[in-house]
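# Structural overview for review
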Amino acid sequence: MIFYILRRVFWVIPMLLGMTLIVFTLSHIVPGDPVATALGPLATKAAVERLKEAWRLNDPLPIQYLRYVKQMAKGDLGFSVYTRRPVMSDIRKYFMATFELSTVSLLIAMVGGIVLGAISAARKNGILDFMVRPLSLFGMSMPVFWVGLLILLLFYYRLGLIPIGRRIGLFIDPPTRITGMYIVDSLLTGNWTALGSAIHHVIGPALCLALCPLAIIARQTRSNLLEVLDEDYIGTARAKGVSEVIVVLKHALRNALLPIVTITGIQYGYLLGSSVMAEVIFSWPGIGRYALTAIRHLDFQPVLGFSVVMALVYMLVNLIVDVSYVYINPKVRFS
Amino acid sequence: MRSLESERDTLFVWVGEKATHLVYTLRRSPLTILGLAIMVGFISVAVLAPFIAPYDPIAIHPSDRLMPPSKTHFFGTDTAGRDVFSRIVYGSRISLRLGLIVTGLSVAIGSLIGGTAAFLGGRIDDAVMRFTDLCMAFPVFVLAMVITASLGPGLTNVMVAIVAIWWTVYARLVRSKVVEVKEETYVEAARAIGASEVRVFLKHVLLNSYSPVLVEVTLDFGFVVMLGASLGFVGLGAQPPTPEWGAMISSGRSYLKTAWWYPTFPGLAIFLVVLGANLLGDGLRDILETRTR
Amino acid sequence: MKIGKVCLVVLAGVLLASLLGGLALGDEIVLVAARPKDGESLNPITAAVSLGASRSVNLLYNQLVNVDSEKDFNVVPGLLTAWETEDYITWTVHVREGVTFHDDTPWNAEALKFNLDMWAVLPEATFMVYAGAAGTTEILDEYTLKIELKEAVPLLMDFLQTAWCSIISPTAIKDHATADDPYAMEWLNDHEAGTGPFILESWEPGERMVVRKWENYWGGVIKKTPKIDRLIYLTVPDAAVRMMMLEKGDIDLTGDLSSEMIADLEEMEGIKVEGYSGTSRRTMIFWDITAPPFDDLRVRQAINYAINYDEIIDRIDLGYAEKLCGMPAKGYLGASPELAGYYTYDLEKAKQLMSESKYADGFEVDLMYDPERYANYEDYALYIQSYLSEIRIKVNIKQVVLSTQTAMQDEGDYGMGLMLYSGDSVAMSADAVRWQYCSHLPTWGWRGSHWTDDTTEVLCPQALATADRIKRAQMYREIDLRAHELAVYVWITQLKPIFAMQDNIVNFRSCPPYQEWFWQVEKK
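First, a word on what this report is: a plain description of the structure on this page. Just so you know, the residues in each chain are numbered from 1, in the order the chain's sequence is written. Throughout, the order in which chains and ligands are written sets their labels, letters from A for the former and numbers from 1 for the latter. Reporting in this predicted model follows two pLDDT cut-offs: at least 70 for local features of residues, and 80 or more for side-chain atom pairs to be given and counted; totals over whole chains, interfaces and linings ignore these cut-offs and use all residues. Side-chain measures here rest on the full set of heavy atoms in the structure, leaving out hydrogens and waters.

Let us look at the state of the cysteines. All names here are of chain A. Count a disulfide wherever a pair of cysteine sulfur atoms falls within 2.5 Å. Scanning the entire structure with this criterion turns up zero disulfides over all chains. Free cysteine: Cys208, not disulfide-bonded; nearest cysteine sulfur from Cys212 at 11 Å. What makes Cys208 buried here is its relative accessible area of 3%. Only protein chains enter the accessibility calculation, which uses a 1.4 Å probe. A residue is then buried if its area is under 20% of the maximum for its type, exposed if over 50%, and partly exposed in between.

Take the interface of chain C and chain B next. Contacts are assigned to residue pairs with any non-hydrogen atoms lying within 4.5 Å of each other. Facing the 23 residues of chain C at the interface are 18 residues of chain B. Buried surface at the junction of chain C and chain B, both sides included, amounts to about 1,800 Å², of which 53% is carbon and sulfur. Two parts placed together each lose some accessible area; with a 1.4 Å probe, that loss summed over both constitutes the buried area. Interface area lost by chain C to chain B is led by Glu260(C), Arg315(C) and Leu382(C), which between them contribute 27%. Under the rule applied, a polar contact is a pair of N or O atoms within 3.5 Å (in protein, one hydrogen donor and one hydrogen acceptor; residues adjacent in sequence only if both atoms are side-chain atoms). Counting the contacts that link chain C with chain B gives five residue pairs in polar contact (both at pLDDT 80 or more). Secondary structure elements follow DSSP: runs of H or I no shorter than four residues count as helices, runs of E no shorter than two count as strands, and numbering proceeds from the N terminus. Where the side of chain C that touches chain B is concerned, the elements lending two or more residues are helix H9 (239-247), helix H10 (259-266), helix H12 (309-316), helix H14 (377-389) and strand S16 (393-399) of chain C. In terms of residue count, the dominant contributor to the side of chain C that touches chain B is H14(C) (six residues).

Right, let's get into the nonpolar core. With 167 residues, the main nonpolar core has Met145(B) and Leu234(C) as its most contacted residues. For this core, the element with the highest residue contribution is helix H12 (residues 261-288) of chain B, accounting for 13 residues. Nonpolar cores were defined as sets of buried Ala, Val, Leu, Ile, Met, Phe, Trp, Tyr and Cys residues, with membership established by side-chain atoms within 4.5 Å.

Let's shift gears to the pairing of S16(C). For a regular strand, the rule is simple: side chains alternate between the two faces of the sheet. All names here are of chain C. Sheet topology places strand S15 (residues 363-369) next to S16; seven bridges connect them, and they run parallel. Within S16, the residue paired with Glu364 across the bridge is Lys394. Where the polypeptide runs from S15 across H14 and back to S16, its parallel neighbour, the crossover connection is right-handed. The pairing criterion for strands is at least two bridges between them, as found by DSSP. If the strands point away from the viewer and the path from the first strand over the helix to the second runs clockwise, then the crossover is right-handed.

This next bit is on the packing of aromatic side chains. Planes of paired rings set the category: under 30 degrees apart is stacked, over 60 is edge-to-face and the rest tilted, where pairs are Phe, Tyr or Trp rings (Trp by its six-membered ring) whose centres lie within 6.5 Å. Enumeration over the complete set of coordinates arrives at 34 aromatic pairs over all chains. On the numbers, 4.5 Å between centres and 10 degrees between planes, the contact of Phe145(A) with Phe233(B) is stacked. Linking Phe145(A) in helix H7 (residues 144-158) with Phe233(B) in helix H10 (residues 210-233), this pair reaches from one chain into another. Phe233(B) shares its class with Phe145(A); the two are buried. Through successive ring pairs, a cluster of aromatic residues spans Phe74(B), Phe75(B), Phe85(B), Trp260(B), Trp261(B) and Phe265(B). The ring of Tyr182(A) has Arg167(A) sitting right over it, with the charged end atom 3.8 Å from the ring centre. The ring of Tyr233(C) carries the charged tip of Arg35(C) above its face, separated from the ring centre by 3.9 Å. Distance and angle both matter: a charge sits over a ring if NZ of Lys or CZ of Arg is within 6 Å of the ring centre and within 35 degrees of the ring normal.

Time to look at the packing of helix H11 (residues 245-252) of chain B against H12(B). To characterise two packed helices, one gives the angle between the axes of the helices and the distance between these axes. All names here are of chain B. Only the contacting stretch of a helix is used when fitting its axis, a line to C-alpha atoms as for every element, and angles between N-to-C directions run 0 to 180 degrees. Remark: H11 packs on H12, axes separated minimally by 8 Å, with the N-to-C direction vectors making an angle of 150 degrees. The pairing of H11 with H12 is recorded here as roughly antiparallel in orientation. When you trace H11 past H12, the crossing you get is left-handed. Judged by residue contacts, Trp245, Gly246, Met248, Ile249, Ser251 and Gly252 of H11 engage Tyr262, Pro263, Pro266, Gly267, Ala269, Ile270 and Val273 from H12. When the residues that make up the contact of H11 with H12 are grouped by side-chain class, the tally is nine nonpolar, four polar and no charged. Any angle from 65 to 115 degrees is called roughly perpendicular, while one under 35 is roughly parallel, one over 145 is roughly antiparallel, and all others are oblique. Crossings are classed by handedness, with left-handed meaning an anticlockwise turn of the near helix from the far one by less than a right angle and right-handed meaning a clockwise turn. Just so you know the grouping, Ala, Val, Leu, Ile, Met, Phe, Trp, Tyr, Cys and Pro go in nonpolar, Asp, Glu, Lys and Arg go in charged, and all remaining residues, Gly too, go in polar.

Below, the structure written as structure tokens:
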């Protein structure tokens, strides 16, 4: 087991190297000059050259790459020309906002999806069940950015149920920074005002992101559960006179949830990616918006840092998913 | 000669059987028919765009700025007075072409590389699979965004970026299927008769792994259209004045309140195409995979 | 069912909490404003060239001199009270007494010397005019300093009122300097040490900046301390979202809205829309007049005649703009308002000119612009594309970032470039037009057009060296007329800055050199 985890963790290194190599090469094909961006439209040619020299941008590409990798090993992701700050400190700030958002979305999607899927399986051929399949297909087909606009218009503008544009109330100080996730931090510090406000602020964008994975999980739960409900041991339980609710909740659901765990990783990847759009629409100060700004300004170090961090998180989440799968299901053996 | 003819005959019979089966099961699945209808509808709209669209999708009409939907402009007009309906009609060409080219190329490249890798096995197989692992270690949208950003915004670059990621999906799919089929007795038998390796590979192995690929293609078609629109939305896709749906929503989003039709209808178009592909793909999966739900 | 109850309780708690949060504030007067873009940094020297940053910098810092935007844009005392010079090389300047920095360092000749010497050696400050001419500085007494320049700079004071010439506390810089960074440029990115009307309380880049009124403020040009206790400055990129927030009362004030939204907000109760004159936001089309096809005067004139300016103003800007009259916009020193009528929409004339030109069969050309610069740019580009198709010019629209665009314009032969000049964004005075005319800086001025003749080589440097405002204005007018005759650019529109705010907000102003003038704002 430990060997397995170690091997998986070890794998992350060559993956990261391969990936940075690709992105690094690509980002140097880009026409445009980050240094000119840094100095603004008033810069003289001499100033641009001087800064280029200072940042060692005139070195051959392979040397620049090696230097980048060396820095990365030390946890230094370079320097953002646009924000004038180390990429690492920018990412540390913006990433947690994205992480908070996507995690909350995943929770919503899982809870909502499992509940919906379980109910529709338990009441097979009921009205809800009849609706779940087309509805989940609808959910899967809605563009995130479109859903976001609808939520904005309906829940913020028309109904005034959710706030937007911030991670926490305007007049509420963010909780003391421990993890950078407002919800977790305010829980840890017992700052209930901040907690309420943070949850209230995350709901809108989180709902928008959760819709598609929720639909997928609901479908998956339903079909898994139906399969399990056909198994012999469920029949036995029923025969013993166990009530239907207990049968579904206690016996069937637990077994049906195993395959759900495996798709969580993939869904998380989806959430990380599409959070970019939710951040744009809801003015959520996350890493996606940061990366988009960097892309617009041809500022490649943050873009590189962004992809490294996203890939790393995605890999780690998948690792955790796989490991926890093993814990839940001891039948799995490693080769 | 004779054997070739008989082979062809069996192929015809086989296709015929499959088709009959397909039609039969389709009739029992209204959602799949709906999906098929949506797809056929959008494809006809794309093909017949010049006949359907009442206006030029690009020419501006300043005096018709932001007109609400009416008899003359079914979906209203945008800030440059362009007919939103016509733009959506022409936009279907862009999105469907994107979907077709990307899935087509991905399938071609993916099955070639995946199939070859599986057939040859050994080191090559390992190398290819490690590379696909690499691509899969990224959230798709993030990778597509970074590649498009590196290549520069534009429709062609969006396609290149998505194909560069997407072929790996098919490479893996085809590979696993080929590995499975390779060991089947009929392949062994074909080899035993003395059929050439290439022939065995093309005819027996690749052809027999078609069904999961077909399902995947249909489902992916929707996903690719969505991905393209998403890149357009964040400003990395088609450049103005191209009537790309995602870009239309992006420009129209500022007018959500004052001119709801501007961002709403392109969104509806994306939704419908993706829904169509999902319904169809979902139905096909039920039909082609023996396991029923 | 349990889950439902838990959810309800949490929701109720959330609502209660956010309510309490709103009440906890007490009697303080807090103004909440939203802007589309945050500054990247608070460091005046490196960041003030950008619009977002100069807005922040102007809240926190002061400059040596200011510009009087109420009256003829003359230079008026700021942190300096007076200055004398005979030859524009040796300057004796008098420092204002009784001013302290936010960190309680006194403002005196020594502090001024520190700032000037820093500008002279910092590589980041090379584009400052002062740095180019910097010589020696000598303290005469506690409040007097002598500056000896390397060359004569008649307009030195005009240059010194720009946001990047903000004065920073020497103590703060010395305290936070490191071996690699002797002037604490890094520290200044997210801290401040100025003399401005507000003190930085907290800043979450890209999210929110909170500043509080500085009790010991010396009063600035208008001799008054701020009337609000706190200003919360939110960054909300999306204009539609800002508009909704204003409508819902979540914010008090915002700008940079599209014309459609402004028209909509004007009708709304409880919200007022105010337009301010005196902006130098100008839209223009640049081209290289030495490269084909723009080397033919008739082509340039044809394009100038082919554009329907009134339609752009009416349909895109919904009347919140006027035809641009030349490099110095209307209301500025040296402006020639009559030149607005030099080129008017006349398609017949345009076609005629085009058919007489070397390119009678038409041509294809790129039109590039940075969509982030102005909300209505996409429409501008589309309209121009359509106008020019009438005279057989096929325009391909290309979106680029500003730095790429200016770099290409500097190189030459770039097709057409749609530019938005916003002189006031870098706190340049009305007289700032000299930047465009006579600048020593690349990509600015006539350099984008690659126009060189007696006008640019003789008249422009002369204007730059003329201290007398009236004479200088006369020269500007001459230059502008010549530019129009040669159709060096297309002068499209001069835009009005529009802000929308709640009804109870009074005394907000927007005028150069300050984008937003907060220190007299009141909330009734």
